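The primary structure of each chain is shown beneath.
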Amino acid sequence: MGYLIPIVISFASGIAFSALDLPPSNPSALLLIATISTLTVLNYRKNSKFCYLLTIALFFLIGIIRTNYSFPQQPCHIANLVTTKADASIYGTLLKMPSHSGGNTQLIMAVEQYIDARQTLPTTGKVKLTVKGTELIDIIPGEKFLARATLSPITNYQTPGSFDYKKFLENKSIFTRGWLSTSTQIMKVHQLSSESRFTSLYYASERLRLKYRNILDRSLDPETSSLFKALLIGDRGTLQQEVLENFKAAGCIHMLAISGMHIGILAFFFTTTLLWIMKRSTWILLHLPTMKIAAILTIPVLIAYALIAGFNTPVLRALIMSAVFLVAMLFDRQWDLLNNIAIAAFIILILNPLELHTVSFQLSFAAVTAISCIFPRIQKIIHTNKNTAHKANFVQKLQQWTTTSLIVSIAATLGTAPLLIFYFNRFSLISPISTLVVTPLLCFWGLIPGLFALSISSFFPEMTVLLLKFGAIGLHLAERLIAVLASLPLNTLWFSTPSWMEIVSYYLLCASILLWSRRKIAKITFFISLSILILVPLKNQIERRFSSDTIVSFLDVGQGSSAVLELPGGDIFLIDGGGQQTENFNVGESVIAPFLWKKRITSIDGLIITHPHADHFNGLPFIINRFNPQNVWINGERTTDRYYNDLLAIIEHNQSATKIPEPREILYSSRDTTLQCISDFHLRNTESVKKWPNNRSLVLRLSHGNFSFLFPGDIEINEENDLVANHTNLKTDILLAAHHGSATSNSLAFFEKISPKYVITSSGKNQPSKYPAPEVRERLESLGITTFTTAQNGAVSFNAGDDGLIVEKIHDAD
């Protein structure tokens, strides 16, 4: 049992090592592999332990070589043709079923031609296309089409803690994306030659998923169809955000993603049903191996379901494990759960090594490994009554099933807890209960009838609709139940991002508890791991509390602005929090909060909203709800903006003190650090501020010893001139460029007056020629001022302390 697991761990370690960009060159690695292989063969009969160690080393090297992190080198690859934003036409094949999300449609194309105004070039690679709107696009996977799109390389929000979207797509071999404002920019190309059998088979899974999605959309209302699409074909794109959030809060979002649980339940239901049918016949029981027949018939059913599910990682893992178990049953071989897990991991990593770094791979295998560690105890619970004289009645069986399911759910929750906190910063206390409660409704009432309905949809369309509507009752009951569970107080806890040392310590702590009575080293491991889990967060808090430095971080939030102030003594202030936002993307939840959590910040002392424009506040509702600012300063402007008024209501509900600062009012003071509002623009009623609400921005100056920072909001040139005329001391080391570096601000006189060493422009990538404006760039260059633009340089941090002013690009541009 123990021989395969170290080999798989070694192979995975080689894959992980290759991500460090430190592996030896391929010729060197190949030479090492050849040497180790020769030594293994020569010593096979002489020293089996030595050969086993060599084999482990061999698979470590294979893991390194098997993994390819390099950018495509072929000159004709689409990623090398599209190095900057450009309008062009591309021709190729639709690889996957079109998906809908956030009011848009996503297409994945395998490109064959790149066409612009100058030339037509053959090309290779994949492009992710986003089409505005969700109208039907009459193309199925495997068909050719032409698209006129705005193409660009994949980019990230370059703020630490934010989701690495670029790496996520690179793991799928996608390095280029395109935007289409309308579906009329797509033209289907009719193929003259007939499709080969191989091509038809290759796209069978995605075509089947598309067919079933269309059936669900035609047969059911949008809300019900969305739930069924998530459960049956793994398409969550059209689910309402409120429904998704409820499932997240209740800790059972995994129930809306096709996972190993669905495969397991389907295998159990189908096998049990077949056995029940065969047991109706005495002849079959006497003459045929019923268990083996059930196993043989179950395998193709699971494969078919995996096809519908799109072969995602949890499904592939569960399929492999189920197949190994069923095959072992057919050949009367002993079956071991840990070896089964290792086989599944090895096959998945051989097929695609980059899966190791995906959230789904890590969560899936962490959950099933945790379950396997308590599997013997589960078996004891299942067989508690096997030695009793009477058979267990229904109530006893239900009790056994409930207890077993709860233990399995608790084990999976504990096994995935640190990874959930690392990736999502949240942990649901009620996850085991909610999973136990909704599993029968979603999987038995919804999943089984739904799958059966789709399987007969071509022959009995009316029966299909009836079955789907019957299953929909269970789905809606589950949805309502989840909404109730999600509304419970303290159902979800939010955490700062743990380090990998803490994650490893957590798993070592769990392992030491399981091996407490078997291994002496378990007790030592327990106390070391527990000490790390206590001391690392404590050390961080002590360092922040007793720090005398001021750290200001300007975040990359796209076309918006947000700055985090870490002040002496551990006080945290946030100036603005807005940026690019879509229906499914909130800059506060996806960029600002992850940065704070990565810095181990769980609450903020002061929040300043310079003025009520969306690109300065639209991410703040999430921040206020999660970080509970004690004080909130606003400019007091009355506005009809519904979203800003909703924000003010959230602030009031949170019981934060809302204030309008007076001119020259000091908002914060500690030791030699002061944060001050230096203007009265927000209190004026002049024509300038009436015409341009940007001019009502709060203007803030942060000083720390001999260093200073200026935050002018979005004020224009007239207000800049006012500051120059009425403030004798405006000299500043670090300036946040007014109005994102636009030409209507940032005058030469302003720059000369404040004489900054550094200027930061907080802007997005979509308008590089406007933010910052070319003339502003020229002024800064002529004055020799060092400039950073978050769109190009990412988040930038300045540490003002005893060692002087330290500048750090905390997330360099790719």
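Residues numbered from 1 in each chain as written. Predicted model: local features only at pLDDT ≥ 70, side-chain atom pairs only at ≥ 80, totals over all residues. Heavy atoms only, no water.

*Asks:* I'd like to hear about the overall build of the protein, residue by residue, with values.
*Replies:* Each helix and strand in the protein was counted, giving 30 helices and 25 strands. For 814 residues, the compact-globule formula gives about 28 Å, and the C-alpha radius of gyration of the protein, at 30 Å, lands near that figure. Seen through its C-alpha atoms, the protein measures out along the principal axes to roughly 100 × 70 × 60 Å. Sorting the 814 residues of the protein into buried and exposed places 49% on the buried side. Accessible surface computed for the protein: about 39500 Å², of which carbon and sulfur atoms make up 61%. Looking at charge distribution, the protein has the averaged site of its 68 positive side-chain charges lying 14 Å from that of its 57 negative ones. (Helix = DSSP H or I, 4+ residues; strand = E, 2+ residues; numbered from the N terminus. Rg over C-alpha atoms; globule rule 2.2 N^0.38 Å. Buried < 20%, exposed > 50% of the residue type's maximum accessible area, 1.4 Å probe, protein only. Areas by Shrake-Rupley, 256 points an atom, 1.4 Å probe, with all protein chains shown as cover. Lys, Arg positive; Asp, Glu negative; His and termini not counted. Charge placed at Lys NZ, Arg CZ, Asp CG, Glu CD.)

*Asks:* Tell me about a nonpolar patch on the surface, residues and numbers included.
*Replies:* Taken together, Phe268, Phe269, Phe394, Val395, Leu398, Trp401 and Phe444 make up a surface patch of nonpolar side chains, about 730 Å² in accessible area. Breaking the nonpolar patch down by element, the ones donating at least two residues are helix 10 (260-278) and helix 17 (394-424). Per-element accounting of the nonpolar patch gives the leading share, 4 residues, to helix 17. Tracing the backbone through its elements, the reader meets Phe269 in helix 10. (Patch = residues over 30% accessible without salt bridge, like charges linked within 9 Å, V, L, I, M, F, W, Y side chains within 5 Å. Salt bridge = Lys/Arg side-chain N within 4 Å of Asp/Glu carboxyl O.)

*Asks:* Let's hear about the environment of Glu719: which residues, and what values?
*Replies:* Locating Glu719 in the fold gives a position in helix 27 (residues 717-726). Taking C-alpha positions, Glu719 is 9.9 Å from Ser697, a pair spaced 22 residues apart along the chain.

*Asks:* I'd like to hear about the environment of Gln106, residue by residue, with values.
*Replies:* On the secondary structure map, Gln106 appears in strand 3 (residues 104-115). C-alpha of Gln106 to C-alpha of Gly178: the two residues are 72 residues apart in sequence and 9.8 Å apart in space. Apart from residues lying up to four places away in sequence, Gln106 is in contact with Pro98, Ser99, His100, Ser101, Lys128, Leu129 and Thr130. (Contact = heavy atoms within 4.5 Å.)

*Asks:* Break down the side chain of Thr271 for me, with residues and values.
*Replies:* Mapping Thr271 onto the fold places it in helix 10. Look at Thr271 and you get buried, because its relative accessible area is 14%. Engagement of the side chain of Thr271 in a polar contact is seen with the side chain of Thr298, the distance being 3.1 Å. Ignoring sequence-local partners within four residues, the contact set of Thr271 consists of Ala294 and Thr298. (Polar contact = N/O pair within 3.5 Å; in protein donor to acceptor, adjacent residues only side chain to side chain.)

*Asks:* Requested: an account of the pairing of strand 24 (residues 796-801), with residues and values cited.
*Replies:* Most of strand 24 is tucked away, with 6 of its 6 residues classed as buried. Across the two faces of strand 24 the burial is the same, with Val796, Phe798 and Ala800 and Ser797, Asn799 and Gly801 all buried. Taken together, the 5 bridges between strand 11 (residues 550-554) and strand 24 define a ladder with antiparallel strand orientation. Of the residues in strand 24, the one forming a bridge with Val552 is Phe798. Two elements, strand 24 and strand 25 (residues 804-809), share 6 bridges in a ladder whose sense is antiparallel. The residue of strand 25 that forms the bridge with Ser797 is Glu808. Linking two consecutive strands that pair antiparallel, namely strand 24 and strand 25, is a turn of 2 residues. (Pairing = 2+ DSSP bridges.)

*Asks:* Which residues make up the nonpolar core, and what are the values?
*Replies:* In this structure, Phe228 and Leu232 are the most contacted members of the largest nonpolar core, which totals 54 residues. Of all the secondary structure elements, the ones that give two or more residues to this core are helix 7 (204-219), helix 8 (222-233), helix 9 (241-249), helix 10, helix 12 (290-309), helix 13 (313-330), helix 18 (431-455) and helix 19 (461-486). Looking at this core, the element that brings in the most residues is helix 18, giving 9 residues. Sequence-distant contacts of Phe228, that is, excluding residues within four places in its chain, are made with Leu216, Leu220, Ile233, Gly446, Gly450, Leu468, Gly471, Ala472 and Leu475. By size, the runner-up hydrophobic cluster in this structure holds 27 residues, among which are Leu574, Val587, Leu607 and Ile634. (Core = buried A, V, L, I, M, F, W, Y, C linked by side-chain atoms within 4.5 Å.)

*Asks:* Describe the packing of helix 17 against helix 18, with residues and values.
*Replies:* Helix 18 packs onto helix 17 with a crossing angle of 130 degrees between their chain directions and a minimal axis gap of 9 Å. On the basis of their axis angle, the class for helix 17 and helix 18 is oblique. Taken as a pair, helix 17 and helix 18 cross one another with a handedness that is right-handed. Across the interface between the two elements, Trp401, Thr402, Ser405, Leu406, Ser409, Ile410 and Thr413 of helix 17 pack against Ser431, Pro432, Ile433, Thr435, Leu436 and Pro440 of helix 18. (Axes fitted to C-alpha atoms, helices over the stretch in contact; angles between N-to-C directions. Parallel < 35°, antiparallel > 145°, perpendicular 65-115°, else oblique. Left-handed = near helix turned anticlockwise from the far one by under 90°.)

*Asks:* Give a detailed account of helix 10, specifying residues and quantitative values.
*Replies:* Compared with an ideal rise of 1.5 Å per residue, which puts 19 residues at 27 Å, helix 10 spans 27 Å between its outermost C-alpha atoms and is within 8% of the ideal. Turning to helix 10, its buried residues number three or more, namely Gly260, His262, Ile263, Ile265, Leu266, Ala267, Thr271, Leu274, Leu275 and Met278. If you follow the buried residues of helix 10, they end up packed against helix 8, helix 11 (282-287), helix 12, helix 13 and helix 18. (Expected span 1.5 Å × (residues − 1).)

*Asks:* Summarise the confidence of the model for the protein; cite the residues concerned and give the values.
*Replies:* For any part of a model where pLDDT is low, the fine detail of the predicted coordinates should not be relied upon. The pLDDT averaged across the protein works out to 86; a share of 91% of its residues lies at or above 70. By mean pLDDT, the top-scoring element of the protein is strand 14 (residues 606-608) (97), and the lowest-scoring one is helix 2 (residues 26-42) (57). Segment residues 385-389: pLDDT under 50, and 3 contacts once partners within four positions in sequence are set aside and those in other chains are kept. (pLDDT = per-residue confidence, 0-100.)

*Asks:* Explain the packing of helix 18 against helix 19 to me, using residue names and the numbers behind them.
*Replies:* Relative to each other, helix 18 and helix 19 sit at 165 degrees, their axes nearing to 8 Å. When the interaxial angle is binned, helix 18 and helix 19 end up roughly antiparallel. With respect to the hand of their crossing, helix 18 and helix 19 are arranged in left-handed fashion. Here the contact of helix 18 with helix 19 is composed, by residue class, of 18 nonpolar, 6 polar and no charged. (Nonpolar A, V, L, I, M, F, W, Y, C, P; charged D, E, K, R; others polar.)

*Asks:* Pulling in residues and values, what's your account of the sheet that holds strand 15 (residues 631-633)?
*Replies:* Whether parallel or antiparallel, the strands of a sheet pair through hydrogen bonds between backbone atoms. The 8 strands lie next to each other as 16-15-14-13-12-11-24-25, forming an open sheet whose pairing is mixed. Looking at strand neighbours, the two that pair on one side only are strand 16 (657-659) and strand 25, the edges of this open sheet. This sheet shows a mean twist of 15 degrees between the axes of neighbouring strands, independent of strand direction. In terms of strand pairing, strand 11 meets strand 12 (residues 561-566) through 4 bridges, oriented antiparallel. Its bridge partner being in strand 12, Phe554 is matched across the sheet by Ala563. Those strands touched by helix 22 (residues 587-598) are strand 11, strand 12 and strand 13 (572-578), and its axis lies near 155 degrees from that of strand 13.

*Asks:* Please provide a residue-by-residue account of the pattern of salt bridges, values included.
*Replies:* Overall, the coordinates contain 18 salt bridges when judged by the stated rule. Of the charged contacts, one joins Glu170 and Lys166 as a salt bridge, the two residues approaching to 2.6 Å between their closest N and O atoms. Here Lys166 and Glu170 lie together in helix 5 (residues 165-170), a separation of 4 residues that amounts to about one turn. The exposure classification of Glu170 matches that of Lys166, with both residues buried. Residue Lys599 is joined to Glu566 by a salt bridge in which the shortest nitrogen-to-oxygen separation is 2.9 Å. In this pair, Lys599 is assigned in the loop between helix 22 and strand 14 and Glu566 in strand 12, connecting sequence segments 33 residues apart.

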